[in-house]
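Secondary and tertiary structure notes
Here is what each chain is made of, one letter per residue.
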Amino acid sequence: MGPHPAVAAIRLAVRRVLHDILNDHHAYGGPGRQPFGEHPDRTVERLPSPLVLVACSGGADSMALASALAFEAPKLGVRAGGVTIDHGLQPGSDLRADEVALRLRALGLDPVESVAVTVGRDGGPEAAARDARYAALDTVAERHGATAVLLGHTRDDQAETVLLGLARGSGIRSLSGMAAVSGAGGRYRRPFLEVDRQTARKACMVQSLPVWDDPHNADPAYTRSRLRHEGLPALEKALGKGVVEALARTAQLSRDDADALDAWASQAEASVRDAAGLLECAKLYALPPAVRRRILRRAAIEAGAPAGSLFARHIEEVDRLITGWRGQGAINLPGKVVAQRQGGRLVIRQG
């Protein structure tokens, strides 16, 4: 008799990602190495087994992910470890992190680390916690030479991310949600983006895996929490079941479109710069708005504007220097970057 359908679903999702990781590992020789085509003397057999870490909070999603990784990795010759982050935002968080680390070791994962971080204030509590968490995960992955870090974001998380982007009036890139593969060198992998939250919780229950429910996830002070417990249920009541699946599908379609537009902008950028490398307004004006604004955003970031602080309204103001030129002055952007039109050229630099 096979495993419970929920357990089978999470294991299949992880198995597929591990196969992708192995293919990348064999093609490129591991983290930071050159492709085998540039080193004909290397063989796949000489490579050490890749190490894959799971980021685990102790919640149902990440515990289900950890259990699936512990089951599938040995069968594929992959080393599997885990890391849990103590954000220090709640009393007893250090003890809870140690308990999660014990659970990961009990699953057979090794190495396992519990890492305490200091959460700042930039961008609000949710963004600051996320920044601190990813910085810690990067450090742990680099210290152990991990090929990849698995994250437990589910299809429900993806739907919430799309709605948050929609509420902000963001562009298509924001509506594309979370990528299945992200980070430097494709470090972060999200196997559960096509698995719903209920399946992950059911998998934990049938395997008798203890889970911890973060009270922040039910705290109405947090936007995502309100969306999860009030917004999405209201949408499903008004529109019927299937909203989560539709939003997740929208994310993938938006990502495909955004990737295509990014590639177009990358190819077009050289054609709108003069011999000195300055952007020519007339040539920018001739491009489709979606392509032109991508070029402007990239130029602003290269000049020193922080990507996380550069919003659509900033780029729209810069775009008016090209499409609605009436002699207006310079546009101030985040990071003390200034954009201004000079003699038919768009100059974006540190102010």
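Heads up: the structure comes first, above all this text.
The notes below deal with the structure included here. Treat the numbers as computed from the prediction; the structure is a model and nothing was measured.

About the thresholds
Residues numbered from 1 in each chain as written. Predicted model: local features only at pLDDT ≥ 70, side-chain atom pairs only at ≥ 80, totals over all residues. Heavy atoms only, no water. Helix = DSSP H or I, 4+ residues; strand = E, 2+ residues; numbered from the N terminus. Contact = heavy atoms within 4.5 Å. Areas by Shrake-Rupley, 256 points an atom, 1.4 Å probe, with all protein chains shown as cover. Lys, Arg positive; Asp, Glu negative; His and termini not counted. Charge placed at Lys NZ, Arg CZ, Asp CG, Glu CD. Pairing = 2+ DSSP bridges. Axes fitted to C-alpha atoms, helices over the stretch in contact; angles between N-to-C directions. Buried < 20%, exposed > 50% of the residue type's maximum accessible area, 1.4 Å probe, protein only. Polar contact = N/O pair within 3.5 Å; in protein donor to acceptor, adjacent residues only side chain to side chain. Salt bridge = Lys/Arg side-chain N within 4 Å of Asp/Glu carboxyl O. 1 Å grid on protein atoms, 1.4 Å probe; cavity = no way out; pocket = protein on both sides within 12 Å on 5 of 7 lines; lining within 4 Å. Points joined across faces, edges and corners; volume = space filled by probe spheres on them. Nonpolar A, V, L, I, M, F, W, Y, C, P; charged D, E, K, R; others polar. Bend = angle between axes of the 7 residues up to and from the residue. Phe/Tyr/Trp six-rings, centres within 6.5 Å; stacked < 30°, edge-to-face > 60°. Lys NZ or Arg CZ within 6 Å of the ring centre and 35° of its normal.

Another point: the overall build of the protein. Looking only at helices and strands, one finds 12 helices and 10 strands in the protein. Summarising its shape, the C-alpha atoms of the protein cover approximately 70 × 60 × 40 Å along the three principal directions. In the protein, the share of contacts with a sequence separation of at least 24, taken over all contacts with a separation of at least 6, comes to 65%. Accessible area of the protein: about 18000 Å², with a carbon and sulfur share of 53%. For the protein, the centre of its 45 positive side-chain charges and the centre of its 40 negative side-chain charges are spaced 3 Å apart.

With antiparallel pairing, the four strands of this open sheet are ordered in space as S7-S10-S9-S8. For this open sheet the edge positions go to strand S7 (279-280) and strand S8 (331-333), each flanked by a neighbour on one side alone. Sheet topology note: the S7/strand S10 (residues 345-350) ladder contains two bridges and is antiparallel. When the bridges of S10 are listed, Glu280 appears paired with Arg345. Helix-sheet contacts for helix H11 (residues 289-302) involve S7, S8, strand S9 (337-342) and S10, and the interaxial angle to S10 is about 35°.

Along the chain, Asp157 turns up in helix H5 (residues 155-167). Look at Asp157 and you get buried, because its relative accessible area is 8%. A distance of 2.9 Å separates a polar atom in the side chain of Asp157 from a polar atom in the side chain of Arg197. With near-sequence residues (within four places) excluded, Asp157 lies in contact with Asp61, Gly152, Met178, Arg197, Arg224 and Arg228.

Once that is clear, we can look at the pattern of salt bridges. All chains considered together, the criterion is met by 27 salt bridges. In this structure, the salt-bridge partner of Asp138 is Arg187, at a minimum N-O distance of 2.9 Å. Of this pair, Asp138 sits in helix H4 (residues 125-144) while Arg187 sits in the loop between strand S5 (181-182) and strand S6 (188-189), and the two are 49 residues apart along the sequence. A salt bridge links Arg320 to Glu317, with the shortest nitrogen-to-oxygen separation between them at 2.4 Å. With Arg320 and Glu317 both in helix H12 (residues 312-323), this residue pair falls three residues apart, about one helical turn. Residue Arg320 is classed as partly exposed on the basis of its relative accessible area, which comes to 39%. The class for Glu317 is partly exposed, based on a relative accessible area of 36%. Residues joined in a network through salt bridges with shared partners are Asp157, Glu160, Arg197, Arg224 and Arg228.

Here the focus is the sheet that holds S6. Taken in spatial order, the six strands make up an open sheet running S3-S2-S1-S4-S6-S5, and their pairing is mixed. Edge positions in the open sheet fall to strand S3 (112-116) and S5, since each of these has one partner strand only. Together, strand S1 (51-55), strand S2 (79-86) and strand S4 (148-150) form the strand contacts of helix H2 (residues 60-72), whose direction differs from that of S1 by roughly 160°.

Before going further, it helps to spend a moment on the environment of Trp212. Position of Trp212 relative to the elements: it lies in the loop between helix H7 (197-206) and helix H8 (223-239). Residues Trp212 and Ser67 lie 145 residues apart in sequence; the distance between their C-alpha atoms is 15 Å. Those residues in contact with Trp212 that sit more than four places away from it in its chain are Ser57, Gly58, Gly59, Gln90, Arg96 and Arg103.

What follows deals with the layout of surface pockets. Counted as a void, the second largest pocket has a volume near 540 Å³. Secondary structure elements with two or more residues in the lining of the second largest pocket: helix H1 (5-28), H5 and helix H9 (243-269). Top contributing element to the lining of the second largest pocket by residue count: H1, with six residues. Taken together, the residues of the lining of the second largest pocket sort by class into 13 nonpolar, three polar and eight charged.

Take H8 next. The axis of H8 is deflected most strongly, by about 30°, at His229, and proline Pro233 appears within four residues downstream. Along H8, the residues that are buried comprise Ser225, Leu227, Arg228 and Leu232. Summarising the contacts, the buried residues of H8 are in contact with H5, H7 and H9. Among the residues trailing H8, Gly240 stands out with phi positive, at a value near 95°.

Quick look at the packing of aromatic side chains now. Across all of its chains, the model carries one aromatic pair by this definition. Plain terms: the ring middles of Tyr134 and Tyr188 are 5.1 Å apart, the flat faces sit at 90° to each other, and that makes the pair edge-to-face. One end of the pair, Tyr134, is in helix H4; the other, Tyr188, is in strand S6, with 54 residues separating them in the sequence. Lying over the aromatic face of Phe71, Arg11 brings its terminal NZ or CZ to 3.5 Å of the ring centre.

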